[in-house]
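Descriptive analysis of the structure
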Amino acid sequence: MRDEVKTTCPYCGVGCGLIISPTRDGFAVGGDPDHPANLGRICSKGAALIDTITAETKRDFRLLEPEVDGQQVNWSTAIAETANRLRDTIAKHGPKSVAFYVSGQLLTEDYYVANKLIKGFIGSPHIDTNSRLCMASTVVGHKRAFGADVVPGCYEDLEIADLVILTGSNLAWCHPVLNQRLRAAKEKRGTKIVVIDPRRTASCDIADLHLAIKPGSDVALFNGLLAWLDQNGNTDLRYVARHVSGYEHAVAEARADCPDIEITAQKCGLDTQESADELGSGLEKLETFFSWFAAFDRTVTVFSQGVNQSSSGSDKVNSILNCHLATGRVGKPGSSPFSVTGQPNAMGGREVGGLANQLAAHMNPNDPIDVDRVRRFWKSDVLEPGEGYKAVDMFRAIESGEIKAVWIMATNPAVSLPDTGRVRLALSRCPLVIASDVVNDTDTLRYAHIKLPASGWAEKSGTVTNSERRISRQRPFREAQGNAKPDWWIMTEVARSMGYAKAFKYKGPSDIFAEHAALSEFENDGMRAFDIGIWHKPKKSAYDAMEPFQWPASRKHQPASGSERLYGNGIFTTSSGRAKMIGVEHIPPQSQLSKDFPLIANSGRYRDQWHTMTRTGTAARLSAHRPEPLLEVNPKDAGHYGLTDGSIARINSKHGTSLMRVLVTDAQLPGQVFVPMHWNDVFSGAGGIGRLMPPNVDPHSGQPESKYVPVSIEPFVTRWQGLLFSNTPVDLSHLPYWVSATGPGSMIYEIAGDEACMFKSLLPIAANADDQHIIEYNDTKKGVHRYARLNGGRISGALFISPDRPALGRDWVSNLFTTETVATAERNALLAGRMPDAGAINDRLICSCFSVGLASISKAITEQNAVSASDIGRLLQAGTGCGSCLPEIKEILDDALPRAAE
Ligand SMILES: Nc1nc2c(c(=O)[nH]1)N[C@H]1C(S)=C(S)[C@@H](COP(=O)(O)OP(=O)(O)OC[C@H]3O[C@@H](n4cnc5c(=O)[nH]c(N)nc54)[C@H](O)[C@@H]3O)O[C@H]1N2
Ligand SMILES: Nc1nc2c(c(=O)[nH]1)N[C@H]1C(S)=C(S)[C@@H](COP(=O)(O)OP(=O)(O)OC[C@H]3O[C@@H](n4cnc5c(=O)[nH]c(N)nc54)[C@H](O)[C@@H]3O)O[C@H]1N2
Ligand code: SF4
Ligand SMILES: [Mo]
């Protein structure tokens, strides 16, 4: 039997340690009890990791061989072609005609090589990363306030705080293990929790207070708080006198913006009827929030994309940091601002300087001394001071022809950037698009001239840094699939082939990590907080055995075994040692609502999907939670615009159109809708939302405003709707509405049309398949059609059409694909559209750990008198695994039980 392997989860920035154990037919995954990030915990996405790598091997999802201009080639050809074409571009158009667009999902070692190659050897400043869409505003905020991009706190702070504020963060779905830790702490010590989010999210489940502020109004909220704290003598003037500059100015600006609580409430939209709930009016709740902030020294403010993804993202960050600095609450136990990072290695990317306005190891590309230092360290002849293009501008420069070659790694910009119509135009015009990815079909890969197969998570070796500055190893536990290679290897080979062999001698990730660590301590006088000098010369064996540790880890400061904070002593990384409060003013979002686009579309994440779904979309149990993208809309707006629950809606913005299934919910306030960021052209016909997004960015950080898009909504009137099951991919590009999901035994497509369709053509018979035939049932008058395609006794396709969405058990039908012979009774049931278990009809998966759906939970409530989440857990196990579904279970209970029973 092979040994267990300790590695790190490749999804969110919590950075959970995992243990992979070999089993008879594969691997099992569990949380690592010794890893400080999760102490054994895990969430639904982490728990399904083995499903995704198994799906990948069983089905044809992986990119296995390099391809040049549509032809499969071997690696030496692929490397030579990449290097030659890059060299040609540089010879003809200069080094600045080349750009890299990389990702917080690369390992630190990959990231370091990318940055060194383009800045130090190709000689182009144009490298940016998808962290631009994610953390760039926080980077600006941290640097302005602390002098360096440092997260001062650690996860333990959430457990020992008295007040935890979640602002612009849906922690329950996006950082589920941190949410589990917070939930447990609340149960133990009664932590007060405040959620600040325009919509009611799963994170509100454990909140004492929810402030549904107007989208984009965070600066007003925290300015109001600062002015109020100052006025009421709740700031720590001794701390400020010793450690902070800019207090007077920031308070004056705050006061000018939000002089009192009434004006604050008005600017934040908390003066409306809708903002009231059983805890009081919006204004009363605002007062409670302010008084709690004043009362609890141990306050942690967690912030994420509701703060960053805004045209005032950087100012939102500083407005939060201002309140913490004014009260002396930075880097102290249970008392700190806390930016939770999104991607597994968003932090590592910031450490190697992967953003266009960073250099490397926390150095500044505009500072000639820093540039000279890095140039000497890398022995580079071409490194020059200056910043490169930030993501949105980079794609504009590609569109205009200024950039002629782009290498995209581990990100899917044709989906995730705003205004994807223009991003795609840029890619289609670009003479050289190189893309490294692990899967064989993404919206971006469709534009690539050169496709390079990268090793996936299970095969990679390197390090990542999580939200609390903790560096952990990702370790491989299976062989690379096909001819996939690690990203660092691909880039190193291209660098060598371009003539930079001397600078890219790495034999493995440990050599790269050592160089990165050596640069971090090189001529570091203590002003660069990022210093991991103790790793400057690791042996491979030490690197392989690396235990998770937090930085700094320098010769002067060895990391402790527990959790460490920075800046707790009030000494910051500025020349004066003081932190800075920044005067900020509430400026409404850049896009304005209009008669044509009267609603605000907010966008974000689902519990069980990861970004553009390339990996999570392959696992049946992750797809079942929300198999389609949903337009979440308040009942008032639904009524006003003629939408009903379960119907299909068209969503229009100035930039494009999407189609989505409607979910009517009072979690959304009137005037606002919510759409998920995950779907794209590989998984749907028109479910992508990047095409709606305006390319508005924060002026300081260049981060797009993905949370605020003026839209209109209208019914998409369907003539028919259907469900198509197939064991091979089906091209549905001629249909206006289709969404594909992975079922337990087949692909499952939701389809709909507004015109007549030759339904049977959707289940084609293969030309040379003698044993294939179709059985069918047609009731043309009622518009009901049912087909099943059989290969001998086995089912290979099924199609159900009716005027409305066909009601049937998706899993039941999909599971039939796994049986050798479909029994006559089952065939009859298929054609009759009668499923054996009526409860399974259109069931919705709630608990993905134990595969428990809405129907079973409802049954437990009505038939077994379950009245609490623990009853449900006892009866069905639901909610007793990772706990990610507890908020939904409670919501189902709330909906089902009379109020008195609560
Ligand atoms: N399941 C899952 N988890 C993930 C990811 C994933 O794809 N799926 N991705 C990871 C990544 S890369 C990231 S960056 C994180 C993101 O993690 P989060 O930032 O927590 O997630 P989002 O859903 O993008 O947005 C958070 C919330 O911001 C709210 N919001 C919108 N506008 C405003 C506003 O003006 N003010 C305030 N205060 N709130 C607002 C939204 O309603 C939303 O609920 O998640 C990480 N974790
Ligand atoms: N409207 C809207 N847009 C958003 C957001 C939003 O909230 N709303 N959020 C933004 C945020 S915060 C983020 S982080 C971005 C995320 O957006 P993207 O980075 O574009 O999304 P992913 O699907 O994670 O893309 C990662 C790609 O890398 C591939 N990959 C995975 N592992 C590896 C590897 O080891 N090597 C290589 N070479 N490839 C690999 C995957 O198959 C996938 O194609 O989206 C942003 N866009
Ligand atoms: S919380 Fe994040 S890091 Fe932890 S298992 Fe879930 S997705 Fe992975
Ligand atoms: Mo992100």
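What you see is a predicted model; the values in this text were computed from it and never measured.

Let's talk about the overall build of the chain
- What the chain contains, in helices and strands, is 30 helices and 34 strands.
- Taking the principal axes of the C-alpha coordinates as reference, the chain spans close to 80 × 70 × 60 Å.
- A burial count over the chain gives 63% of its 902 residues as buried.
- Taking the contacts inside the chain whose residues are at least 6 apart along the sequence as the reference set, 71% of them involve residues at least 24 apart.
- Summed over its atoms, the accessible surface of the chain is roughly 32,400 Å², and 50% of this surface lies on carbon and sulfur atoms.
- Taking the 96 positively charged and 102 negatively charged side chains of the chain as two groups, their mean positions are separated by 3 Å.

Structural notes on the environment of A294
- Looking at where A294 falls in the secondary structure, it is placed in helix α13 (residues 282-295).
- Considering only alpha carbons, one finds A294 and N234, 60 residues apart in sequence, at a separation of 5.8 Å.
- If near-sequence neighbours (up to four positions away) are discounted, A294 is found in contact with W228, L229, N234 and R329.

Section: the pattern of salt bridges
- Inspection of the entire model under this criterion finds 57 salt bridges.
- With a closest N to O distance of 3.1 Å, D51 and R621 form a salt bridge. With a gap of 570 residues between them, D51 in helix α2 (residues 49-58) and R621 in helix α24 (residues 620-623) connect regions that are remote in the sequence.
- Several salt bridges share partner residues, and in doing so they unite D370, D372, R373, R376 and E523 into one network.

A word on the sheet that holds strand β3 (residues 26-31)
- If you trace the three strands from one edge of the open sheet to the other, you get β1-β2-β3, paired in antiparallel fashion. Only two strands of the sheet have a single partner each, and these edge strands are β1 (5-8) and β3. Neighbour-to-neighbour, the strand axes of this sheet turn through a mean angle of 35°, independent of strand direction.
- Of the pairings in the sheet, the one linking strand β2 (residues 17-23) to β3 comprises six bridges and is antiparallel in character. Looking at β3, one finds that T23 is bridged to G26.

Digging into unusual backbone geometry
- Cis geometry marks the peptide bond from W551 to P552, where omega comes out at 5°.
- Following the sequence through the fold, P552 ends up in the loop between β19 (549-550) and β20 (579-580).
- A positive phi angle, close to 45°, is found at A361, a residue other than glycine.
- With respect to the helices and strands, the residue A361 is situated in the loop between α16 (346-352) and α17 (368-378).
- Notably, D419 is not glycine yet its phi reads approximately 50°, a positive angle.
- A residue is classified by how much of its surface remains accessible, and D419, at 7% relative accessible area, is buried.

Here we look at the nonpolar core
- Ranked by size, the top nonpolar core spans 112 residues in total, and within it F100, L221, F289, L325 and W407 carry the most contacts.
- Ranked by residues supplied to this core, first place goes to helix α4 (residues 108-122) with eight residues.
- Formed jointly, this core draws a minimum of three residues from each of two domains, domain 2 (67-134 + 345-505) and domain 3 (136-339).
- Sequence-distant contacts of L325, defined by excluding residues within four places in its chain, comprise A145, F146, Y239, V240, V244, V330, F572, A579, K580 and M581.
- Judged by nonpolar contacts, the second largest core, of 40 residues, contains C16, I50, V151 and A458.

A word on the side chain of R607
- Along the chain, R607 turns up in the loop between β21 (599-604) and α24.
- Residue R607 is classed as buried on the basis of its relative accessible area, which comes to 1%.
- Residue contacts for R607: discarding those within four places in its chain leaves S44, K45, W173, H625, I846, S848, S884, C885 and E888.

Notes on the sheet that holds strand β31 (residues 784-791)
- Read from one edge to the other, the open sheet built from six strands follows the order β28-β29-β27-β32-β31-β30, with strand pairing classed as antiparallel. At either margin of the open sheet sits one strand with a lone partner, and together these are β28 (737-742) and β30 (772-779). Neighbouring strand axes in the sheet, compared pairwise and without regard to direction, differ in orientation by 10° on average.
- Sheet topology note: the strand β27 (residues 720-726)/strand β32 (residues 794-802) ladder contains six bridges and is antiparallel.

Observations regarding the packing of helix α9 (residues 218-231) against helix α15 (residues 313-326)
- Where α9 meets α15, the closest approach of the two axes is 8 Å, and the angle between their N-to-C directions is 20°. One finds that α9 runs roughly parallel with respect to α15. In terms of crossing hand, the pair formed by α9 and α15 is left-handed. Contact with α9, carried on its side by D218, V219, F222, L225 and L226, involves D315, K316, S319, I320, N322, C323 and A326 of α15 and no other residues of that element.
- Among the residues making up the contact of α9 with α15, the classes are represented as seven nonpolar, two polar and three charged.

Side note on the packing of aromatic side chains
- A full pass over the atoms with the stated rule returns 28 aromatic pairs.
- Ring geometry for W75 versus W489: centroids 5.4 Å apart, planes at 80°, classification edge-to-face. Of this pair, W75 sits in helix α3 (residues 75-93) while W489 sits in helix α21 (residues 487-497); the two residues are 414 residues apart in sequence, bridging distant segments of the chain.
- On the basis of relative accessible area, W489 is assigned to the partly exposed category, the value being 21%.

So, the site of ligand 3
- Lining the immediate environment of ligand 3, one finds C9, Y11, C12, G15, C16, C43, K45, G46, P176 and V177.
- Listed by contribution, the elements that provide at least two residues to the shell around ligand 3 are α1 (44-47) and α8 (176-189).

Describing the environment of I857
- Mapping I857 onto the fold places it in helix α28 (residues 854-863).
- In this structure I857 comes out as buried when scored by relative accessible area, which is 0%.
- Put simply, I857 and C847 are ten residues apart on the chain and 9.8 Å apart in space, counted from C-alpha to C-alpha.
- Residues contacting I857, with those up to four places away along its chain left out, are I846, V852, I872, L876, I889 and I892.

Some thoughts on the site of ligand 2
- Around ligand 2 lies a shell of 32 residues, among which Q105, N130, S416, D437 and T612 are the nearest.
- Separating an oxygen atom of ligand 2 from a side-chain N or O atom of Q105 is a distance of 2.7 Å.
- Contact between ligand 2 and T612: an oxygen atom at 2.5 Å from a side-chain N or O atom of the residue.
- Coverage of ligand 2 by the protein amounts to 98% of the 920 Å² it exposes when considered alone.
- Across the shell around ligand 2, the residue classes break down as ten nonpolar, 16 polar and six charged.
- The two domains that each donate at least three residues to the shell around ligand 2 are domain 2 (67-134 + 345-505) and domain 4 (599-715).

About the criteria used
- Residues numbered from 1 in each chain as written.
- Chains lettered and ligands numbered in written order.
- Predicted model: local features only at pLDDT ≥ 70, side-chain atom pairs only at ≥ 80, totals over all residues.
- Heavy atoms only, no water.
- Helix = DSSP H or I, 4+ residues; strand = E, 2+ residues; numbered from the N terminus.
- Buried < 20%, exposed > 50% of the residue type's maximum accessible area, 1.4 Å probe, protein only.
- Contact = heavy atoms within 4.5 Å.
- Areas by Shrake-Rupley, 256 points an atom, 1.4 Å probe, with all protein chains shown as cover.
- Lys, Arg positive; Asp, Glu negative; His and termini not counted.
- Charge placed at Lys NZ, Arg CZ, Asp CG, Glu CD.
- Salt bridge = Lys/Arg side-chain N within 4 Å of Asp/Glu carboxyl O.
- Pairing = 2+ DSSP bridges.
- Axes fitted to C-alpha atoms, helices over the stretch in contact; angles between N-to-C directions.
- Core = buried A, V, L, I, M, F, W, Y, C linked by side-chain atoms within 4.5 Å.
- Domains from an automatic or database assignment.
- Parallel < 35°, antiparallel > 145°, perpendicular 65-115°, else oblique.
- Left-handed = near helix turned anticlockwise from the far one by under 90°.
- Nonpolar A, V, L, I, M, F, W, Y, C, P; charged D, E, K, R; others polar.
- Phe/Tyr/Trp six-rings, centres within 6.5 Å; stacked < 30°, edge-to-face > 60°.
- Near = heavy atom within 4 Å.
- Polar contact = N/O pair within 3.5 Å; in protein donor to acceptor, adjacent residues only side chain to side chain.

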